[in-house]
Amino acid sequence: MAAPETATGTTLRYAFGNVLSFFILLQIGVLAFSIRLFSVIKYESVIHEFDPYFNYRVTQFLTKNGIYDFWNWFDDRTWYPLGRVIGGTVYPGLTLTAGTIWWLLNSLNIPLSVETVCVFTAPIFSAFASWATYLLTKEVMGAGAGLTAAALLAMVPSYISRSVAGSYDNEAVAIFALIFTFYLYIKTLNTGSLFYATLNAIAYFYMVCSWGGYTFIINLIPMHVLLCIVTGRYSSRLYIAYAPLVVLGTLLAALVPVVGFNAVMTSEHFASFLVFIIIHVVALAYYIKGILSPKMFKVAVTLVVSVGLVVCCAVIAVLIALVASSPTKGWSGRSLSLLDPTYASKYIPIIASVSEHQPPTWPSYFMDINVLAFLVPAGIIACFLPLSDASSFAVLYIVTSVYFSGVMVRLMLVFAPAACIMSGIALSKAFDVLTRSIKFQLPTRFGNSQVDAGDNSAGSVVAQNDAARIEKSEDKLRERPSKKNKKKEKEKENVEMASLKPKKEKRLLVLPLVASAIAIFLLVILGAFYVVHCVWAAAEAYSAPSIVLTSHSPGGGLHVFDDFREAYAWLSHNTGVDDKVASWWDYGYQTTAMANRTVIVDNNTWNNTHIATVGTAMSSPEKAAWEIFNSLDVKYVLVVFGGLVGYPSDDINKFLWMVRIGGGVFPHIKEPDYLRDGQYRIDSEATPTMLNCLMYKLSYFRFVETDGRGFDKVRQTEIGKKYFKLTHFEEVFTTHHWMVRIYKLKSPKNRIRGKTKKLKSQKASSTSSSRRSGTRKNNPWH
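For clarity, every value in this text was computed on a predicted model and none was experimentally measured.

**Q** Run through the overall build of the protein, naming residues and quoting values.
**A** Along its length, the protein carries 34 helices and 13 strands. Taken over 782 residues, the protein has a buried fraction of 47%. Contacts in the protein between residues far apart in sequence, at least 24 positions, make up 71% of those at least 6 positions apart. Carbon and sulfur atoms make up 63% of the accessible area of the protein, which amounts to about 38,400 Å² in all.

**Q** Could you give an account of the pairing of strand 12 (residues 729–734), naming the residues involved and the relevant values?
**A** Across a regular strand the side chains alternate sides, sitting on one face of the sheet and then on the other. Examined bridge by bridge, strand 12 and strand 13 (residues 740–745) share five bridges and lie antiparallel to one another. The residue of strand 13 that forms the bridge with Phe729 is Leu745. Connecting strand 12 to the next strand, strand 13, in antiparallel fashion are five residues, including Trp738 with a positive phi near 65 degrees.

**Q** Account for the environment of Leu413, naming residues and giving values.
**A** Along the chain, the position of Leu413 falls in helix 22 (residues 412–445). Relative accessible area serves as the criterion here: at 2%, Leu413 is assigned to the buried category. Setting aside residues up to four positions removed in sequence, Leu413 forms contacts with Ser158, Tyr159, Arg162, Glu171 and Ile175.

**Q** Give me the lowdown on the packing of helix 3 (residues 51–65) against helix 27 (residues 588–595), citing residues and values where you can.
**A** Relative to each other, helix 3 and helix 27 sit at 40 degrees, their axes nearing to 7 Å. Considering their axes alone, helix 3 and helix 27 lie oblique with respect to each other. Crossing handedness for the pair helix 3 and helix 27: left-handed. Every residue of helix 27 that contacts helix 3 at Asp51, Tyr53, Phe54 and Arg57 is listed here: Tyr589, Gln590, Thr592, Ala593 and Met594. Per-class residue counts for the contact of helix 3 with helix 27 are five nonpolar, two polar and two charged.

**Q** Provide a residue-level description of the nonpolar core, including the pertinent values.
**A** Phe182, Phe564, Phe629, Val637 and Phe729 are the most contacted members of the largest nonpolar core, which has 179 residues in total. Beyond its immediate sequence surroundings of up to four residues, Phe564 is in contact with Ser546, Ile547, Leu549, Tyr587, Gln590, Val640, Tyr647, Met739 and Val740. With nine residues, the next largest nonpolar core counts Phe54, Val58, Leu62 and Phe70 among its residues.

**Q** So what's going on with the environment of Ser126? Residues and values would help.
**A** Summarising the element assignment, Ser126 is placed in helix 6 (residues 114–141). Among the residues examined, Ser126 registers a relative accessible area of 0% and is labelled buried. Once you skip the residues sitting within four places of it in the chain, Ser126 turns out to touch Ala32, Phe33, Arg36, Tyr159 and Ser163. A polar atom in the side chain of Ser126 sits 2.5 Å from the backbone oxygen of Pro123.

**Q** Residue-level account of the sheet that holds strand 5 (residues 580–582), with values.
**A** The mixed open sheet is built from five strands, whose spatial order is 6-5-7-13-12. The two strands at the open ends of the sheet, each matched to only one other strand, are strand 6 (598–599) and strand 12. Two elements, strand 5 and strand 6, share two bridges in a ladder whose sense is parallel. By the bridge assignment for strand 6, Lys580 is matched with Thr598. Packed onto the sheet, helix 29 (residues 622–631) meets strand 5, strand 7 (636–640), strand 12 and strand 13 and runs at close to 75 degrees relative to strand 12.

**Q** Describe in detail a nonpolar patch on the surface, supporting the description with residues and values.
**A** Taken together, the side chains of Val514, Ile518, Phe521, Leu522, Ile525 and Phe529 make up a nonpolar region of the molecular surface, amounting to roughly 610 Å² of accessible area. Note that Ile518 resides in helix 25 (residues 513–541). Judged by its relative accessible area of 46%, Ile518 is partly exposed.

**Q** Got a sec to walk through unusual backbone geometry? Specific residues and values, please.
**A** In this model, Tyr80 is joined to Pro81 through a cis peptide bond whose omega is 0 degrees. Positionally, Pro81 belongs in the loop between strand 1 (74–75) and strand 2 (84–85). A cis amide bond links Leu385 to the next residue, Pro386, at an omega of -5 degrees. Considering the arrangement of structural elements, one finds Pro386 in the loop between helix 20 (372–383) and helix 21 (389–407). A positive phi angle, close to 55 degrees, is found at Glu49, a residue other than glycine. A positive phi angle is found at Asp677, which is not glycine, with a value near 55 degrees.

**Q** Break down the pattern of salt bridges for me, citing the residues and quoting the values.
**A** Scanning all chains against the criterion turns up 23 salt bridges. Here Arg436 makes a salt bridge to Asp432, at a shortest N to O gap of 3.0 Å. Separated by four residues within a single helix, Arg436 and Asp432 lie in helix 22, roughly one turn from each other. Under the relative-accessibility criterion, Arg436 is labelled buried at 18%.

**Q** Tell me about the packing of aromatic side chains, and please be specific about residues and values.
**A** Taken as a whole, this structure holds 38 aromatic pairs when the rule is applied. A ring pair is formed by Phe70 and Trp71, whose centres lie 5.1 Å apart and whose planes are at 50 degrees; its orientation type is tilted. Assessed through its relative accessible area of 0%, Phe70 is described here as buried. Three or more aromatic residues joined by ring pairs form one cluster here, namely Phe182, Tyr185, Phe216, Phe393, Tyr397, Tyr403 and Phe404. A cation over a ring is seen here: Arg36 above Tyr159, with NZ or CZ 5.0 Å from the ring centre. Above the ring of Tyr80, the side-chain terminus of Lys580 is found at 4.6 Å from the ring centroid.

**Q** I'd like a description of the confidence of the model for the protein, backed by residues and values.
**A** Here the protein averages 82 in pLDDT, and 81% of its residues register 70 or above. In the predicted structure, residues 449–484 sits below a pLDDT of 50 and forms 30 contacts with residues beyond four places in sequence or in another chain.

**Q** Outline the packing of helix 10 (residues 194–210) against helix 11 (residues 214–230), listing residues and values.
**A** One can describe the packing of helix 10 onto helix 11 by two numbers: an axis separation of 8 Å at closest approach and a directional angle of 140 degrees. As the angle between them shows, helix 10 and helix 11 are arranged oblique. Residues Tyr204, Met207 and Val208 of helix 10 form the contact with helix 11, whose participating residues are Tyr214, Ile217 and Ile218. Looking at side-chain class alone, the contact of helix 10 with helix 11 contains six nonpolar, no polar and no charged residues.

**Q** How would you summarise the side chain of Thr95 if you had to cite specific residues and measurements?
**A** Looking at the secondary structure, you find Thr95 in helix 5 (residues 93–107). In contact with Thr95, not counting residues within four places along its chain, are Asn55, Val58, Thr59, Leu62 and Tyr168.

**Q** Account for helix 7 (residues 143–155), with residues named and values stated.
**A** Along its 13 residues, helix 7 runs 19 Å from first to last C-alpha, staying within 8% of the 18 Å computed at 1.5 Å per residue. All buried positions along helix 7 are accounted for by Ala145, Gly146, Leu147, Ala149, Ala150, Leu152, Leu153, Ala154 and Met155.

**Q** Can you tell me about the environment of Ala686, naming the residues and giving the values?
**A** With respect to the secondary-structure elements, Ala686 resides in the loop between strand 9 (679–680) and helix 31 (688–692). Judged by its relative accessible area of 5%, Ala686 is buried. Separated by 12 residues in the primary sequence, Ala686 and Tyr674 place their C-alpha atoms 7.5 Å from one another.

About the criteria used
Residues numbered from 1 in each chain as written. Predicted model: local features only at pLDDT ≥ 70, side-chain atom pairs only at ≥ 80, totals over all residues. Heavy atoms only, no water. Helix = DSSP H or I, 4+ residues; strand = E, 2+ residues; numbered from the N terminus. Buried < 20%, exposed > 50% of the residue type's maximum accessible area, 1.4 Å probe, protein only. Contact = heavy atoms within 4.5 Å. Areas by Shrake-Rupley, 256 points an atom, 1.4 Å probe, with all protein chains shown as cover. Pairing = 2+ DSSP bridges. Axes fitted to C-alpha atoms, helices over the stretch in contact; angles between N-to-C directions. Parallel < 35°, antiparallel > 145°, perpendicular 65-115°, else oblique. Left-handed = near helix turned anticlockwise from the far one by under 90°. Nonpolar A, V, L, I, M, F, W, Y, C, P; charged D, E, K, R; others polar. Core = buried A, V, L, I, M, F, W, Y, C linked by side-chain atoms within 4.5 Å. Polar contact = N/O pair within 3.5 Å; in protein donor to acceptor, adjacent residues only side chain to side chain. Patch = residues over 30% accessible without salt bridge, like charges linked within 9 Å, V, L, I, M, F, W, Y side chains within 5 Å. Salt bridge = Lys/Arg side-chain N within 4 Å of Asp/Glu carboxyl O. Phe/Tyr/Trp six-rings, centres within 6.5 Å; stacked < 30°, edge-to-face > 60°. Lys NZ or Arg CZ within 6 Å of the ring centre and 35° of its normal. pLDDT = per-residue confidence, 0-100. Expected span 1.5 Å × (residues − 1).

The structure is reproduced here in structure tokens:
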């Protein structure tokens, strides 16, 4: 009866563990959702940043006009006079996801607005990402590590920074798609199921729809497949996990309009095709090995490898021929920036000008992942004990993501899940060893070896008797048995040693009781520090929307700066529907979405020449800038200025990028002309070119009237040119805190006035001459 009772107990414990895991995962999902709501609680339900406003505008169009009009939508409100085909230039995953959620809720008579759905999409998918992390880590190292990793990801600041309520950007759903794709790949690798392989291709398709970072997946998985082949870990499961992904995943990726033939024509995808050929060569070699004799196998392998090398060389030659004509060799600018961190600053300043494309600093790692930075190395070591196909993929994931996060701060977002997985594995292994040590030693310490008749008693007995049994078996090995019984005794001793080996290993993992208790206490304290930091980061560092700014006065009061919405509301109510607004590209999406006005450039940055034209206008003297803007049919110019209140992300701080981008297309704009001895200055030592450019004048016009001396709080200096007038522009609106200033292009009055005077003089002369001639005719004295 003992065996059935033991089996029943094991089944009940397993079922209880599954139920407990379910409730823990439910709580983790609630935590991931709720910790991202500080922005709504502290401010209001608004869209954050710049790109999310374009996504919100596209989602509004989708829900109002339907999917077919969305695919064929030509937006004439952006990139005037070029326009933009929206359906073929966006990753539609986020928009389609939010639109589907809105449609389902309204079908269930839950009348939420599109804006509300967009605001809460990211927190919802952060819970999904935590659950996907549990599934992935469980496949790598077990359920305990999975629950720990899921809890860490739910709170990690790096992920919170891109998924707070209102952060309606592509990464809101893309991180979930990334982790879930990796989970299905590992699940297929562990099971060899074609069903999971098909789901993996579909998940990859969703990732392609959601974010351009899908190229990370289609390069990391081939790297892992190649690593398994090189290390002799090829299996049919590996083939099933990879081959359907390449074939079906590539076909599905080509269906996304923004990707199209790039899925097979760009260098980012060539590694997957090359590994696809290699794995078929290896599979053929293993198949031949199973049906041929060793001698024939050598001949066949030589033939297969030779043919495979010829095919690979032919494919490589074709690929080289395809990309040789491209200046970037088939790579996109952002991909080249990852492979060569200096590429963007040398050749593509528009990419280097984006703050999230800059390399991170060391403090940013401790800000975004905190104590996980110390746990990641321990997790990597744990993955090698023992090393499996799944754990080798986790190691490869963390290594590659560390490199990419060091190149571009935005990719800290890709590094965060890997850090959580490794930290979850490390914490799970540590707690496993420490709690086992306490469990083995507590009964002995308190003199009650019968406290637990199950594993505890067995463990304590093993802990007390293992040494004597091992010494006894070793003594037996030293004895010289007779020839008659030598074979039988040797087999018996081998069986006994084999049974003692796992018990000996278990005993070696037992740590002193006091040390184990102190270590658990320190790990709990470390976790508490992590929770406190994550809550602080969610509440203070990453919840403030860029469109509504706050500051704390010395007395402790909260001051709100709502200048951006004030300016966009003014544009919406005081300008014509067809008026064109020029600004730096950072504010294009917001101007179109909130003011409903046509802009010259926006955050899509697809046309470098158009952006360089705006940068050249801002860098030119007033008259030349007026001519450029007038040729583009611009009626209003918007600039952001923070010198009065100390807002650092204003256009003066971004101005050198305008000069660099403009000078990259128009050579007469030279950066040294705006620098004094290599320094960027706006005071009396600034160069005449700097003091006379349009950006300087539009930012500091009437600025001296505020405090009498024109002191810039951002640059911490007095401006160089204080008193000047505008000839071709007139100020029409400045927000309450002077953060947004709007100017109108003056009509060419001087030219009209000159033409009018000329026409009047000609008319007066002709009239006087006709009068004189008439006088001559009628006067008899002449």
